[in-house]
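This is what each chain is made of:
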Amino acid sequence: MTGGETAANRAGTKGVPREQREQQILDIATAEFGDRGYANASLADIASAAGVSKPLIYTYFGSRDGLHAACVRRAGDGLVSAVAAAQGVPGASGRALATLSGIFTALDGRTQNWRVIYDQTLPRPSAAFDHARGYQEALNGMGASGVDEVLDAAGVSAPEDHSLLLAWWFSIVSTTISWWREHPGYTPEQMTEHCLRVFTAIRQPSP
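Please read all numbers here as calculations on a predicted model, not as lab measurements.

1. With respect to the nonpolar core
Core analysis: the biggest nonpolar cluster contains 42 residues, and Phe33, Ile57 and Leu67 have the highest contact counts within it. Looking at this core element by element, the count peaks at seven residues for helix 5 (residues 64-86). When sequence neighbours within four positions are dropped, the list of residues in contact with Ile57 reads Ile25, Leu43, Ile46, Ala47, Val52, Gly62 and Leu67.

Spelled out as structure tokens, the structure:
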């Protein structure tokens with residue numbers, strides 16, 4: 001070893017390269033933070049499930065907050081990129097469906113990522129809350145733009161209606177992700193098809 005290099009810098013435990021080991025730890029930590037929330041997540045449980053020591057986690061991420069921040073950053077970057085890519089689809093309905101499709105693709109096998117970003121147990125004020133809030137604002141801002149377009153097309157301008165529809169949209173997305181978490185056998189494409197069928201059925205006029 002040279003230049004102060006250590007075994008932890010070269011590879012994780014059991015000969016696993018550090019980059020791969022970090023991703024494994026992030027997978028487990030995201031599940032822990034997503035399932036139990038920031039306030040109740042256990043670093044000891046994360047280390048045990050990952051098959052590593054707590055000191056190794058500190059070596060990689062600096063602290064419990066550093067590990068949490070890495071989970072939020074990975075989850076948030078993927079979600080924001082997916083939703084941003086959907087904004088180029090023309091038409092409010094097409095964009096809404098593309099947004100859901102992008103979210104499902106970003107969350108495929110990792111529905112806890114949504115819960116990590118929208119974690120109600122984050123202390124306020126705190127750096128952890130501020131970090132997650134940045135991604136929340138980016139996602140909510142794109143959702144608000146879509147709501148504006150829907151209401152503008154219908155000639156609706158009341159701020160209260162905008163606020164209500166935005167709340168509905170967020171609730172629909174969150175509830176659908178929760179449903180998917182409980183029914184994990186569906187692909188992102190199948191989830192998009194489910195949503196399209198349901199939306200179409202709701203919009204059908206009564207006979």
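2. What about the packing of helix 3 (residues 43-50) against helix 4 (residues 54-61)?
The N-to-C vectors of helix 3 and helix 4 enclose an angle of 100°; their axes lie 9 Å apart at closest approach. Classified by the angle between their axes, helix 3 and helix 4 sit roughly perpendicular to one another. Note on element contacts: helix 4 touches helix 3 through Lys54, Ile57 and Tyr58, opposite Leu43, Ala44, Ile46 and Ala47. Of the residues belonging to the contact of helix 3 with helix 4, the class tally is six nonpolar, no polar and one charged.

What counts, and at which threshold
- Residues numbered from 1 in each chain as written.
- Predicted model: local features only at pLDDT ≥ 70, side-chain atom pairs only at ≥ 80, totals over all residues.
- Heavy atoms only, no water.
- Core = buried A, V, L, I, M, F, W, Y, C linked by side-chain atoms within 4.5 Å.
- Buried < 20%, exposed > 50% of the residue type's maximum accessible area, 1.4 Å probe, protein only.
- Helix = DSSP H or I, 4+ residues; strand = E, 2+ residues; numbered from the N terminus.
- Contact = heavy atoms within 4.5 Å.
- Axes fitted to C-alpha atoms, helices over the stretch in contact; angles between N-to-C directions.
- Parallel < 35°, antiparallel > 145°, perpendicular 65-115°, else oblique.
- Nonpolar A, V, L, I, M, F, W, Y, C, P; charged D, E, K, R; others polar.

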